Amino acid sequence: MSYFSDIYKGIKTLLTGMSVTGKYFLTSRKGAITQQYPDNRATLKMFERFRGEVVMPHDENNEHQCTGCQKCELACPNGSIEIIWDRAIDETTGKKKKKIDKHVYHLGLCTMCGLCIEACPTDAIVWAQNFENSTYDRTQLTKVLNRPGSKVKAGIED
Amino acid sequence: METTVVKSNFKSEEYFINMGPQHPATHGVLRLLLTIDGEIIKKIEPDLGYIHRSIEKMCERDSYQQIVHLTDRMDYLSSHINNEAVCLTVENALQLELPDRVKVVRTILSELTRIASHCLWWGVMGMDVGALTTYFYGFRDREMINDIFEETCGARLTMNYNIPGGLMFDIHPNFVKRTKEFIAHFKTKLPEYDTLLTGNVIFQKRMKGVGILSKEDAISFGASGPVGRGSGYSCDVRKHHPYSAYDKVTFNEALKPDGDSFARYQVRIQEMWESMNIIEQLIDNIPEGDVQVATNAVIKLPKGEFYQKVETARGELGVYIISTGTKNPYRVKFRSPGFSNLSLLNHIAVGGKIGDLVASMATLDLVIPDIDR
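Conventions we followed
- Residues numbered from 1 in each chain as written.
- Chains lettered and ligands numbered in written order.
- Predicted model: local features only at pLDDT ≥ 70, side-chain atom pairs only at ≥ 80, totals over all residues.
- Helix = DSSP H or I, 4+ residues; strand = E, 2+ residues; numbered from the N terminus.
- Rg over C-alpha atoms; globule rule 2.2 N^0.38 Å.
- Buried ≥ 20, exposed ≤ 12 C-beta atoms within 10 Å, placed from the backbone.
- Contact = placed C-beta atoms within 7 Å.
- Core = buried A, V, L, I, M, F, W, Y, C linked by C-beta atoms within 7 Å.
- Domains from an automatic or database assignment.
- Nonpolar A, V, L, I, M, F, W, Y, C, P; charged D, E, K, R; others polar.
- Pairing = 2+ DSSP bridges.
- Axes fitted to C-alpha atoms, helices over the stretch in contact; angles between N-to-C directions.
- Parallel < 35°, antiparallel > 145°, perpendicular 65-115°, else oblique.
- Left-handed = near helix turned anticlockwise from the far one by under 90°.
- Expected span 1.5 Å × (residues − 1).

## Here's the deal with the overall build of chain A
A tally of regular secondary structure across chain A gives three helices and seven strands. Computed over C-alpha atoms, the radius of gyration of chain A comes to 27 Å, more than 25% over the 15 Å expected from 2.2 N^0.38 for 158 residues, which places it beyond the range of a compact globule. Sorting the 158 residues of chain A into buried and exposed places 20% on the buried side. Of the contacts made within chain A by residues no fewer than 6 positions apart, 76% connect residues no fewer than 24 positions apart.

## Topic: the overall build of chain B
Of the regular secondary structure elements, chain B holds 15 helices and eight strands. Dimensions of chain B, computed from the C-alpha atoms along their principal axes, are close to 80 × 50 × 35 Å. Looking at chain B as a whole, 49% of its 373 residues are labelled buried. Expressed as a percentage of contacts within chain B between residues at least 6 apart in sequence, the contacts between residues at least 24 apart total 70%.

## Here we look at the nonpolar core
In terms of nonpolar packing, the biggest core is built from 97 residues, with B:Leu112, B:Ile145, B:Leu345 and B:Leu366 touching the most fellow members. Considering every element that reaches this core, the biggest residue donor is helix H4 (residues 100-128) of chain B, with 13 residues. Core analysis: the next-biggest nonpolar cluster, separate from the first, contains 19 residues, A:Cys76, A:Cys110, A:Ala124 and A:Leu145 among them.

## Observations concerning the domain arrangement of chain A
Taken as a whole, chain A is organised into domain 1 (2-40) and domain 2 (53-152). If you average the C-alpha positions of domain 1 of chain A and of domain 2 of chain A, the two centres end up 51 Å apart.

## Considerations on the interface of chain A and chain B
If you look at the interface, chain A gives 22 residues, while chain B gives 23 residues. Sorting the residues of the side of chain A that touches chain B by element identifies helix H1 (2-27) and helix H3 (115-119) of chain A as the ones contributing at least two each. Of the residues in the side of chain A that touches chain B, the class split is ten nonpolar, seven polar and five charged.

## A word on the sheet that holds strand S8 (residues 331-335) of chain B
Sheet strands pair via backbone hydrogen bonds, and the direction of the pair is either parallel or antiparallel. Residue and element names in this part refer to chain B. Reading across from one edge, S6-S7-S8 is the order of the three strands in this open sheet, with antiparallel pairing throughout. Two strands close off the open sheet at either side, each with one partner strand: strand S6 (304-311) and S8. Pairwise comparison of adjacent strand axes, ignoring direction, gives a mean angle of 10 degrees for this sheet. As defined by bridge partners, S6 adjoins strand S7 (residues 316-323) across eight bridges and the pair is classed as antiparallel. Within S7, the residue paired with Phe 306 across the bridge is Ile 321. Against the sheet, helix H3 (residues 79-94) contacts S6 and S7, and its axis sits at roughly 145 degrees relative to S6.

## Remarks on unusual backbone geometry
Positive phi outside glycine occurs at A:Gln70, with the angle close to 70 degrees. Mapping A:Gln70 onto the fold places it in the loop between strand S2 (63-64) and helix H2 (71-75). The phi dihedral of B:Asp365 falls on the positive side, at around 55 degrees, and the residue is not glycine. Following the sequence through the fold, B:Asp365 ends up in the loop between helix H14 (354-364) and helix H15 (368-372). Owing to 26 C-beta atoms within 10 Å, B:Asp365 belongs among the buried residues under this scheme.

## Focus on the packing of H4(B) against helix H11 (residues 261-283) of chain B
All names here are of chain B. Two elements in contact, H4 and H11, have axes separated by 9 Å at closest approach and are oriented at 155 degrees. Viewed along their axes, H4 and H11 adopt a mutual orientation that is roughly antiparallel. As for how H4 packs across H11, the hand of that crossing is left-handed. Residue-level contacts link Val 104, Thr 107, Ile 108, Glu 111, Leu 112, Arg 114, Ile 115, His 118 and Trp 121 of H4 to Arg 268, Glu 271, Met 272, Ser 275, Ile 278, Ile 279, Leu 282 and Ile 283 of H11. The residue makeup of the contact of H4 with H11, split by class, is ten nonpolar, three polar and four charged.

## Focus on H4(B)
Residues and elements named next belong to chain B. An ideal rise of 1.5 Å per residue puts 42 Å on 29 residues; H4 measures up with 42 Å between its terminal C-alpha atoms. H4 sits mainly inside the fold: 25 of its 29 residues count as buried. Of the residues flanking the end of H4, it is Gly 130, one or two places downstream, whose phi is positive at about 105 degrees.

## Let's talk about the environment of B:Met19
Residue and element names in this part refer to chain B. Among the structural elements, Met 19 can be located in strand S1 (residues 15-19). Between the C-alpha atom of Met 19 and that of Asn 174, which follows or precedes it by 155 residues, the distance is 45 Å. In this structure, Met 19 is in contact with Thr 26, Leu 32 and Leu 34, ignoring residues within four places of it in sequence.

## A closer look at helix H2 (residues 64-71) of chain B
Here H2(B) lies mainly inside the structure; seven of its eight residues are buried. Among the residues of H2(B), those classed as buried are B:Tyr64, B:Gln65, B:Ile67, B:Val68, B:His69, B:Leu70 and B:Thr71. Lining the buried residues of H2(B) we find H3 of chain A together with helix H1 (55-61), H3, strand S4 (162-163) and S8 of chain B.

## Considerations on the pairing of S8(B)
When a strand is regular, its side chains alternate between the sheet's two faces. Residue and element names in this part refer to chain B. Only one face of S8 is buried: it carries Val 332 and Phe 334, and the other face, with Arg 331, Lys 333 and Arg 335, is open. Bridge analysis of S7 against S8 gives five bridges, and the strand direction is antiparallel. Looking across to S8, one finds that Tyr 320 is bridged to Lys 333.

So, in structure tokens, the structure goes:
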């Protein structure tokens, strides 16, 4: 007897559950649950704090704010940042001063922990919201953040 | 009831099968070596190490700030709580007094993490026992929490928002509004979970009386979190050893005495209500103030041993640091909830069917990177 009552209860509770799914089937509009990601690229806007990749912003004079203090390199847990630096003569004071030659960023090693950006005293590196980083060749994931011919902005001291 | 004994010439023989490392029901790269006789399980031997990354050893290489982001990758579903555990250990060792704002924000984020983790668990557990719809509904609600995290912390899963001494930066201006929206939304959705799955007789038949763990066994196996509480073992770290702002809020510890899979299920559903309750008590009055206490750029812990435990979504996570006074720890040990919860799988599933093993495993809520580290 309990066999039949179990079947009855099973069907009844199944229909109770299907009242929930049926409600969504009838009322939800297109895109209510699914994110239409590759189709909405034009309008997709990431949150401003989203950690996509590390970039170094340059102004219109091709000047960045990196003094080459290497604090980001020290803070990085897995060696994603390598700074190749040099000494140059400061034009105003005439003294020798550290400057970056190349700020190398290995995106393939980066875990997006954000410690380098926290450590930077001059806000020279920031997060970019670009997240489509797949490439066919992993060497393309090694990036030089400072542009060719760029120099540090005047008056930036760490 | 009469039992008919079928006399047959066929010889029953035990044999081995591998469940995993690529089995969908193991939720990761866990290999279970099953000794079975027909459909009856005789023995389960978990084989670990497929996703071992030697996080504990890597911690000995890193500074105390850098350790935090590695713990994201242990139990990735409660990564914020893992971060908090390491930060609390370091802060206790340095005897830092944190601002109230940090404590409250950490507590809210921890509870959001717990809800997100249980949402995902509810979805995949339904899928394990054959209900595909739960997966989509669980992920729909988890998505809202992920958005909150993405806006405030910058990442959806591996947040790394805690640093020793506070938070990396202040919460986003939209944080309070979004959290309130989520709570209002989820209060209407959680009863739907019950309508869809909890009351279903087919589901209850899969769950009730399956994988029974007694309270004594729960204690002797070191079970913690919802697994221990489903057996009536009061083991909530938030209640017994409050950290952050848990001493300021009132909440009930979800306890069920039955010890079967359904009890563990009910405990987790109850915990989602309690988490919402905790967030509601805190969200309206987040105290103003700093979000960081100044620490040295190179943190050196005093010589000694330090231990701190927290309640993650899976149970009790303990962080044990031995310091010799240098900038790196001498030894770091994580007491992960998943490992001890896995150890009792052999005890609860032997004698049952393979289908029941899947149901038992689903309610243990194992996260394999947490077990292997």
